[in-house]
Amino acid sequence: FQRGVDIVGREGIFGLWRGNLAVILQVMPYAGLQFMTFDQYQQALEPHCASHPYLMRFVAGAAAGATATTLTYPLDLLRTQMAISM
């Protein structure tokens, strides 16, 4: 709580949202990629795992998360560097 009061005292109320744009610019592509690739992986796995729907969803979700993380890692790296430089 004290840290928040210090930030507001030094930078004003908008200091609480500093860096939020960088997070949004990283989270939106990540979420979009994850949803899109989940559906693609699920369609690709359906002929092979139709009798095991929970396994199919698990594998599709894991693959979608790995794909989204791999493709958005450069954005995460930029966000981290921006946070360090502030």
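Up top is the structure these notes are about.
All of these numbers come straight from a predicted model, not from anything done at the bench.

Conventions adopted
Residues numbered from 1 in each chain as written. Predicted model: local features only at pLDDT ≥ 70, side-chain atom pairs only at ≥ 80, totals over all residues. Heavy atoms only, no water. Helix = DSSP H or I, 4+ residues; strand = E, 2+ residues; numbered from the N terminus. Rg over C-alpha atoms; globule rule 2.2 N^0.38 Å. Salt bridge = Lys/Arg side-chain N within 4 Å of Asp/Glu carboxyl O. Buried < 20%, exposed > 50% of the residue type's maximum accessible area, 1.4 Å probe, protein only. Expected span 1.5 Å × (residues − 1). Bend = angle between axes of the 7 residues up to and from the residue. Contact = heavy atoms within 4.5 Å. Axes fitted to C-alpha atoms, helices over the stretch in contact; angles between N-to-C directions. Parallel < 35°, antiparallel > 145°, perpendicular 65-115°, else oblique. Left-handed = near helix turned anticlockwise from the far one by under 90°.

Before going further, it helps to spend a moment on the overall build of the chain. The helix and strand tally for the chain stands at three helices and zero strands. Secondary structure elements of the chain occur, N-terminal to C-terminal, as α-α-α. The C-alpha radius of gyration of the chain comes to 19 Å, more than 25% above the 12 Å expected for a compact globule of 86 residues. Taken over the C-alpha atoms alone, the chain extends approximately 60 × 25 × 15 Å along its principal axes.

Let us look at the pattern of salt bridges. If you walk through the whole model with that rule in mind, you get one salt bridge. E11 is the salt-bridge partner of R10, the closest N and O atoms lying 3.7 Å from each other. When its relative accessible area of 54% is taken as the criterion, R10 is described as exposed. By relative accessible area, E11 is classed as partly exposed at 34%.

Moving on to helix α3 (residues 53-85). Between its first and last C-alpha atoms α3 spans 46 Å; for 33 residues at 1.5 Å apiece the expected length is 48 Å, and the two agree. The sharpest bend along α3 reaches about 50° and sits at T72, with the proline P74 one to four residues further on. If you follow the buried residues of α3, they end up packed against α2 (20-49).

The interhelical angle for the contact between α2 and α3, taken along N-to-C directions, is 155°, at an axis separation of 7 Å. As judged from the angle between their axes, α2 and α3 are roughly antiparallel. Crossing handedness for the pair α2 and α3: right-handed.

This part takes up the environment of F14. The residue F14 is located in the loop between α1 (2-11) and α2 in this model. Exposure remark for F14: the relative accessible area of 70% places this residue in the exposed category. Distance from F14 to R3, taken between C-alpha atoms, is 14 Å for residues 11 residues apart in sequence.

Within the secondary structure layout, T72 lies in helix α3. By relative accessible area, T72 is classed as buried at 2%.

Mapped onto the secondary structure, L71 falls in helix α3. Overall, the relative accessible area of 53% leaves L71 in the exposed class. Distance from L71 to L16, taken between C-alpha atoms, is 29 Å for residues 55 residues apart in sequence.

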